[in-house]
Amino acid sequence: MDIKAVSAQIDADIQEINSLEALEQFRLKYLGRKGLVAELTSAIPGLPQEERARFGQEVNALKNKLLSLIAEKQKTLAGSSGQAAQAAGDLGMPGISQSLGQLHPLTQVTDEICAIFNRMGFSIVEGPEIESEYNNFTGLNIPLEHPSREAFDTFYLKNYTKMLLRSHTSPVQVRQMKEQKPPLAIVVPGRVYRPDAVDAAHSFMFHQIEGFMVDTGIKFSDLKGILEMFAQAVFGNDIKMRFRPHFFPFTEPSAEVDISCIICKGKGCSVCGRKGWLEILGSGMIHPNVFKHVGIDADKYTGFAFGLGIERIAMLKYGINDIRLFFENDLRFLRQF
Amino acid sequence: MKVTYNWLKEFVDIKIPAKELADKLTMAGLEVVSLEEKAGDFVLEIEITSNRPDWLSVLGVAREVAAITRRELKAKNPKPETKIAKGNLRIEIENKKDCFLYTARIIRGIKVGPSPEWLRKRLELVGCRSVNNIVDITNYALLESGEPLHAFDLDKLNPEKIVVRRAKAGEKITTLDGQARNLNNNVLVIADKAKAVAIAGVMGGQETEVTLDTRNILLEAAVFDPIVVRRCRQALGLQSESSYRFERGVDLGMVEQTSLRAAQLIREYCFTQGVFFNSSGLAKCKERSVKLDTARAAEVLGVTIAPAKIKQALSRLGFVIKQKAKNILDVGVPSFRQDVKLEVDLIEELARIFGYERIPVSLPAVKPQVTANAKRALTSAIKEILVGLGLSEVITYSLTDKLTLNSLGFGLGVQPIEILNPLSQEQEVLRPTLIPGLGRAVSLNFNQKQEYVAIFEVSNIFLGENKPQEELTLGIALSGTKSFLLEQGLVKDEAGFLNLKGIVETIFARLGISGYTLNNQGSSAEIRIQNEKVGLMLSLSPQSLNKLNIKNKNVFMLELSLDKILSFTRRDKKFIPLPRYPGIARDISFILKEGFSVQAILVLLKETGRPLLSEVRITDYYKGRQIPVGYRGLTLSCFYSSNERTLAENEIQPTHELLCAELVRKFGVKLR
C-alpha cells in the first residue's frame, strides 16, 4: 500500500472534521482495533525481509502523525464548540443554597466578649447555676442581713437548705480562687437568676460575664486599661469611657463604668436618659475580705474583678428595646442576627 | 435621696453652678440621677449606695461637697436650752444590743400649727409632705443630719417611764398610717408603762400622734440595731425614712446634736416653756483608727498622690490624721464612717477625691494559662454544626411550672427541684428537661405563621435525686415542612425522625463518636453509646401537641446529654492514605418487605462482602406505583476496591453474586 497516498488522504480527512463525534470516527477509522494502522501493522510479517524495517518505520511515523493530528484537532474543537458555556438566564430567580441557622444573639455577644478577653490572655471558665449561700454571698463579703443584699434578691431551693440559684456569676470567683493559685486571669459567662417581675427591662433569668485577675502588683489603673480595651473592641475606638466610684461589697475601691452613649455620641438622648452616658458594668479591686475567704494572701496579691450583663450589652449593640424578646424565641427576631 | 442646692449652701460655700456640682458629685460616687430647677432652687436627686448612710443627709452631702470643691464645712452648733423644766422620766432599755442609745427631750408649752413658709417649701422641694410645725421640724432635722427623730404627744403617754423592749405575743398597735398591726417578739417597740406606743425605728403609733391640740411633747432621738430594724421592716412590710436610715446605720455621734437642733427650731417656731432631758445608753462610740501606708495606696491605684493632698482630702472628709512614720498615717475614723474598716477603704476615699478619671490607664502583664475548656469547646462545636445544618439557637427559661411538666408527661418519675420563693407559678420548679421550653417555642412560631421550625438549645437541666445536679443538655425540635425552590421547581421536605437522625449522625461524625445505636421504641428512640443511654429522640404525643396548641403538625425532639457524650468524643484526626487503585461500583436494586431493618442488611453485606467490598451505601429509596403494598424499593451501591491492584470485573463478580443471593436468602428480597 502506498503510505504516501494514505498520508495525503489523512490530511484531507482531518480538514473535514468539525465535531468531536467525527473526530472519534476518524480515530477509529485509522487507529481503531480494525483500523488502517492495525491493518498495515499486521501486514508487516508478510513483507520480504529487506522491506520490513523501512515499512515498519513508515507505519510508525504515520501512527505518530495521526496521534498528533487528533490531539491538535481535539484542542481546537474543545475551544470552539461542543459544550458552550451556559447562559446566565433570569438571575432574578432565587439562588439555590442551603439555608444556615444562627446562634442566639446572646450567644453571639457572649462569644464575642469571651474572644476579646481570650485574646488578652484570659481563660474561659464556667460554674454551676445552683450555688451555696456561702459562695453567692458570704464568701463575697456580702453580709446576710444587710441592705447591700437587697440588690441581690435571690431564688432559694425548697428542699435543700442554703442552696440557691446564683444571683450573679461572682460565686465562680470564689470557686476559682479556692481551686487555683495566682496568677489568675479568668472570664466566666453564665446564666443568673433574680426574682424580678418581668417587664421590658427586667427578667428573672439573664446572663452575665464575670472577669477577674489576681497577681502581685495588679493595680486599679490596670483595671482601667483592660476595660478600656474591652469597650473599644466591642463598641469601637471612638467610644469614651468613665469610671465612677460606686459600692460593691466584694470590691474596694469599686467603680461603675459608663461609656459615651452609642446612640447620641454623648449629646443626650432617650436611650441614655439625656445623660450622654450609658452604664455598662461594675468593677473594682477585689476586697481583701474576699481574699481572706478563699485563702489568698491579701498582703502579697491584689486583683481586679468586673461583671456585666450580656442582655444589656446586646440591647445596646443591636438597639433592642425589650429584654423579653431574647426569651420568646420568635424566629423573625432570631433570624436578624 | 433629694437635697437642694440652697440647703447645701448653708453648710458649705458653693462657688460652682448646680449642674457642675451635680457632675462632680456623680464622679465622686454620689450619682445625681436628676437635677431640677424649682422655686428658685435646684433639687438634686442622688442615688446613695448602701454603704454610705452618712450621705443620707444634707450635712453628709455637704461634707462631700466641701472635700471635692476644697472648701471648709460650716458646722451648725445648736445652742443648748436655757429654760430647764423639772421632770422625772425613766428610760429602760431591755436589751442594749437592740438599742444602743435612747434620748428623750420633754418639751412643754408648745403651740402646734402650720409650719413657716420656708420650712414647708423646703420640705416639699425634697418630696416631704408638710404636716404641722412639730412633725415638720422633726423631719427637717432628720433630713439635715440623717438622725431620725420622733415626737410623741406627752399627755397621751404614761409619763412615768419609757421602755425599749421586744413586743409581747399578741400585742397590737395602730401605726401612724392607720394600719392595725399584730406584733410579735421579733418586733422592737417603744412603750410606756402600759403599752407599746411606737415601732422602734420604723413608725410611731397613732394614739400618741402629735395633733393640733398637743401641748407637751416627748422628742425621741435614738439609735437602734440595724438588723432588728431590718427584720421589723420586713416582717411588717413597712418602710419609712427612719427605718431606711437605721438599717444602714445611724451615727451615734449625731443623736444629741440633732435632738438639740430640733429643740432649737421648736423654740423658734412653736414656742416653748421649758425642757427636760434624759438619756440612756452609749454616749458615743469607741474611737477607732486605721493605718494608711501611702506607698501601698500608690501601688493599689497605680498613681502617686502627694502626701499633702492625701491629708487635706481625708481631713475634709472628717478623718483625723496623725503622721506615724514616713508614708505611714494613723487615720482616726469619725463615728459617721462605720463603713471605713480597712486600709483599702481609705484608699478608695483618696481615689474618689483625687478623681477616678485622673488615675492613668495601664495594662497588666498577663500570664496566660492555655488549658482549654473541653466542655465549652464541645458546646461551641455542636452549635456551629447545628447552625450549619440550618437550625436556629433559642434560649428558654430554666424555670417552669409543674402543671406544664405534668401535662406534657415529663413530671412522671422525676421530682423536679422546687423553688422556695417563686414570684409566679411559671417559676415553681427547675426544669428536668428542655422539651417543654422547646415545645412552647415551636408553638409560638407556628402561631407566627412559620411553615417550618428547626431550633435547638444548649443549656442545663436540673435533676435532684440526692443532691441537686445540673446536666448540660442539647435539645432539638423539628417540625413542619421545609421548601426548597430548585431548578426543577418546588421540593418539599416534611420533618421526620430521619431528619433528626441525620442531625445526630452529623454531630457524632464530626465529634468522632462511633459505635452508637438508636434503640427504636415506637414513637421514641433511645440513643446509646457503648450501652450508656445518652439521649432520646421522640415525636410529641397528640395530647402534648394539644396542650401546646400545635395543630396538624408533628414535632420531633431530641435531647442529648453533652456531659455524657463528652468522654466519647475523639477529635484527634488520623490520616488514612487515599486509595491507590480505582475501584468498581455496582448497584443492587430490590424490593424489601416492610419490617426488615436496613441496618441489618448493611451489616450482613459488609460481613459477606469481605475483603473486596469496601463500602456499601443506600443510594435510593422509594415507595409508589411500581412497588407492591407492604414493600419498599431500595437501591444499594456497592463499591469494590483493593489496596494491591486494580480489580477486574470478573474478580468481583462472585462476591457481588453472593451478596445478591444472601439478600434473597436472609431477607427474601426480590431483585429488580
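Every value quoted in this text rests on a predicted model; they were computed, and no experiment measured them.

## Considerations on the overall build of chain B
- For chain B, the helix and strand inventory stands at 19 helices and 31 strands.
- With respect to the principal axes defined by its C-alpha atoms, chain B has extents near 130 × 65 × 50 Å.
- Scored against the burial criterion, the 672 residues of chain B give a buried share of 40%.
- The contacts in chain B between residues at least 6 apart in sequence include a share of 70% that link residues at least 24 apart.

## Comments concerning the overall build of chain A
- Helix and strand content of chain A: 12 helices and 9 strands.
- The globule rule puts the C-alpha radius of gyration for 337 residues at 20 Å, and the 40 Å found for chain A is more than 25% above it.
- Counting the 337 residues in chain A, one finds 38% classified as buried.
- Across chain A, every contact between residues at least 6 apart in sequence was considered, and the portion connecting residues at least 24 apart equals 64%.

## Focus: the nonpolar core
- In this structure, B:Ile134, B:Val189, B:Ile199, B:Ala200, B:Ile217, B:Ile476 and B:Met557 are the most contacted members of the largest nonpolar core, which totals 235 residues.
- Not counting chain neighbours up to four residues away, the residues in contact with B:Ile217 comprise B:Ile107, B:Ile110, B:Ile134, B:Ala151, B:Phe152, B:Asp153, B:Leu154 and B:Val210.

## Points about the pairing of strand E27 (residues 555-561) of chain B
Residue and element names in this part refer to chain B.
- Of all 7 residues that make up E27, 6 are buried, and the element is covered over most of its length.
- Of the strand pairs in this sheet, strand E22 (residues 468-486) and E27 are connected by 7 bridges, and their pairing is antiparallel. Bridge pairing in E27 places Ile476 opposite Leu558.
- Bridge analysis of strand E26 (residues 532-539) against E27 gives 5 bridges, and the strand direction is antiparallel. Each bridged residue has a counterpart across the sheet, and for Gly535 the counterpart in E27 is Leu560.

## Digging into the sheet that holds strand E29 (residues 613-622) of chain B
All names here are of chain B.
- Taken together, 4 strands build an open sheet; the order of strands is E29-E30-E28-E31 and the sheet is antiparallel. Every interior strand has two partners, whereas the edge strands, E29 and strand E31 (670-671), have only one.
- Examined bridge by bridge, strand E28 (residues 584-593) and strand E30 (residues 631-640) share 10 bridges and lie antiparallel to one another. Bridged to Ser589 within E30 is Thr635.
- Along the sheet, helix H19 (residues 649-667) contacts E28, E29, E30 and E31; its crossing angle with E28, the most-contacted strand, is approximately 10°.

## Some words on helix H12 (residues 374-388) of chain B
Residues and elements named next belong to chain B.
- Its 15 residues give H12 an end-to-end C-alpha distance of 21 Å, which sits within 8% of 21 Å, the value for a rise of 1.5 Å per residue.
- Among the residues of H12, Leu378, Ile382, Lys383 and Leu386 are the ones counted as buried. What you see down the axis of H12 is that its buried residues fit within an arc of 130°, all on one side.
- For H12, the elements touching its buried residues are strand E18 (392-393), strand E21 (452-464), E22, helix H15 (497-511) and helix H17 (562-565).
- Just downstream of H12 lies Gly390, where phi reads positive at about 90°.

## What to know about the sheet that holds strand E9 (residues 302-309) of chain A
- The 7 strands lie next to each other as E1-E4-E5-E9-E8-E7-E6 (chain A), forming an open sheet whose pairing is mixed. Edge positions in the sheet fall to strand E1 (123-124) and strand E6 (241-248) of chain A, since each has one partner strand and no second.
- In this structure, strand E8 (residues 277-286) of chain A lies alongside E9(A), joined through 5 bridges in antiparallel fashion. Within the sheet, the bridge partner assigned to A:Met285 lies in E9(A) and is A:Phe304.
- Along the sheet, helix H11 (residues 343-354) of chain B contacts E6 and strand E7 (251-260) of chain A; its crossing angle with E7(A), the most-contacted strand, is approximately 30°.

## What to know about the interface of chain B and chain A
- Chain B puts 75 residues into the contact, and the matching count from chain A is 69 residues.
- Across the side of chain B that touches chain A, the residue classes tally to 39 nonpolar, 21 polar and 15 charged.

## Some details on the domain arrangement of chain B
- Parsing chain B into structural domains produces domain 1 (2-69), domain 2 (90-281), domain 3 (289-331 + 342-358), domain 4 (374-568) and domain 5 (584-671).
- For domain 2 of chain B and domain 3 of chain B, the distance between their C-alpha centroids amounts to 38 Å.

## A look at the environment of B:Arg337
- Relative to the assigned elements, B:Arg337 resides in the loop between strand E17 (328-333) and H11.
- Along the sequence, B:Arg337 and B:Gly318 sit 19 residues apart, while their C-alpha atoms lie 8.8 Å from each other.

## Re the environment of B:Tyr397
- Assignment of secondary structure puts B:Tyr397 in the loop between E18 and strand E19 (399-400).
- Classification of B:Tyr397 as partly exposed rests on a count of 19 C-beta atoms within 10 Å.
- B:Tyr397 sits 282 residues away from B:Ser115 along the chain, and the two C-alpha atoms are 55 Å apart.
- Once residues lying within four places of it in the same chain are set aside, the contact partners of B:Tyr397 are A:Met205, A:Phe327 and B:Gly437.

## Structural notes on the packing of H12(B) against H15(B)
All names here are of chain B.
- One can describe the packing of H12 onto H15 by two numbers: an axis separation of 10 Å at closest approach and a directional angle of 135°. Taken together, the axes of H12 and H15 are oblique relative to one another. Regarding H12 and H15, the two cross each other, and that crossing is right-handed. Here H12 contributes Ala381, Ile382 and Ile385 to the contact with H15, which in turn contributes Thr506, Ile507, Arg510 and Leu511.
- Its residues assigned to classes, the contact of H12 with H15 comprises 5 nonpolar, 1 polar and 1 charged.

## Overview of the confidence of the model for chain B
All names here are of chain B.
- When pLDDT is averaged across chain B, the result is 92; 99% of the residues are at 70 or more.
- Per-residue pLDDT, averaged within each element of chain B, yields its smallest value for strand E14 (residues 274-281) (83) and its largest for E18 (98).
- The ipTM assigned to the predicted complex is 0.89, against a pTM of 0.85.

## A look at the packing of helix H4 (residues 117-125) of chain B against helix H5 (residues 133-145) of chain B
Residue and element names in this part refer to chain B.
- Following both chains from N to C, one finds H4 and H5 inclined at 55°, their axes separated by 11 Å at the closest point. As far as their axial angle goes, H5 and H4 are oblique. When you trace H4 past H5, the crossing you get is left-handed. Counting all contacts with H4, which are made through Leu119, Arg120 and Leu123, the residues of H5 involved are Asp136, Asn139 and Tyr140.
- Class assignment of the residues belonging to the contact of H4 with H5 gives a composition of 3 nonpolar, 1 polar and 2 charged.

## Description of unusual backbone geometry
- Following A:Pro182, the chain continues into A:Pro183 via a peptide bond in cis, with omega recorded as 5°.
- Mapped onto the secondary structure, A:Pro183 falls in the loop between helix H7 (171-179) and strand E4 (184-193).
- The backbone of A:Asn329 sits at a positive phi, close to 65°, despite the residue not being glycine.
- On the secondary structure map, A:Asn329 appears in the loop between helix H11 (325-328) and helix H12 (331-334).
- The class of A:Asn329 is buried, set by 24 C-beta atoms lying within 10 Å.
- The phi dihedral of B:Lys449 falls on the positive side, at around 70°, and the residue is not glycine.
- Tracing the sequence through the fold places B:Lys449 in the loop between helix H14 (435-447) and E21.
- Taking the C-beta count within 10 Å as the criterion, B:Lys449 has 7 such neighbours and is therefore assigned exposed.

## Quick look at the pairing of E9(A)
Residues and elements named next belong to chain A.
- By the criterion of burial, E9 is predominantly enclosed, with 8 of the 8 residues buried.
- Of the two faces of E9, the one lined by Thr302, Phe304, Phe306 and Leu308 and the one lined by Gly303, Ala305, Gly307 and Gly309 are each fully buried.
- Here strand E5 (residues 205-215) pairs with E9 via 8 bridges, running antiparallel. Within E9, the residue paired with Ile209 across the bridge is Leu308.

## Concerning H15(B)
- Relative to the 21 Å expected for 15 residues at 1.5 Å per residue, H15(B) spans 21 Å between its end C-alpha atoms, a close match to the ideal helical length.
- With its phi angle positive at about 70°, B:Gly512 sits one or two positions after the end of H15(B).

## Focus: the environment of B:Phe639
Residue and element names in this part refer to chain B.
- The residue Phe639 is located in strand E30 in this model.
- Residue classification places Phe639 among the partly exposed residues on the basis of 16 C-beta atoms within 10 Å.
- Linking Phe639 and Gln488, residues 151 residues apart in sequence, is a C-alpha distance of 30 Å.
- Contact partners of Phe639, with chain neighbours within four places excluded, come to Gly583, Ala585, Ser614 and Glu615.

Calculation rules
Counting restarts for each chain, with residues numbered from 1 along the sequence as it is written. Chains and ligands are labelled sequentially in the order written, the chains with letters from A and the ligands with numbers from 1. It should be noted that, the model being predicted, local features are given only for residues of pLDDT at least 70 and side-chain atom pairs only at 80 or more, the latter also being counted only at that level, while totals for whole chains, interfaces and linings use all residues. Each helix is a run of H or I in the DSSP string that is no shorter than four residues. Each strand is a run of E no shorter than two, and both are numbered from the N terminus. Partly exposed residues are those falling between the two cut-offs: more than 12 but fewer than 20 other C-beta atoms within 10 Å of their own, whereas 20 or more means buried and 12 or fewer means exposed, with C-beta atoms placed from the backbone. We call two residues in contact whenever the C-beta atoms placed from their backbones are within 7 Å. Only C-alpha atoms enter the radius of gyration; for comparison, a globular chain is expected to reach 2.2 Å times N to the power 0.38, where N is the number of residues. What we call a nonpolar core is a set of buried Ala, Val, Leu, Ile, Met, Phe, Trp, Tyr and Cys residues whose membership is set by joining through C-beta atoms within 7 Å. A pair of strands is labelled paired if DSSP reports no fewer than 2 bridges between them. Fitting a line to C-alpha atoms yields each axis, with helices limited to the stretch in contact; the angle taken between N-to-C directions then spans 0 to 180 degrees. By this rule, a helix spans an expected 1.5 Å times one less than how many residues it contains. Here the arc refers to the set of directions running from the helix axis out to each C-beta atom. Any residue outside Ala, Val, Leu, Ile, Met, Phe, Trp, Tyr, Cys, Pro, Asp, Glu, Lys and Arg is labelled polar, Gly included; the first ten of those are nonpolar and the last four are charged. These domain boundaries are the output of an automatic or database domain assignment. In what follows, roughly perpendicular refers to angles from 65 to 115 degrees, roughly parallel to angles under 35, roughly antiparallel to angles over 145, and oblique to any angle outside these ranges. In this scheme, a crossing is called left-handed if the near helix is turned counterclockwise away from the far one by less than a right angle; it is called right-handed if the turn is clockwise. pLDDT expresses, on a scale from 0 to 100, how confident the predictor is about each individual residue.

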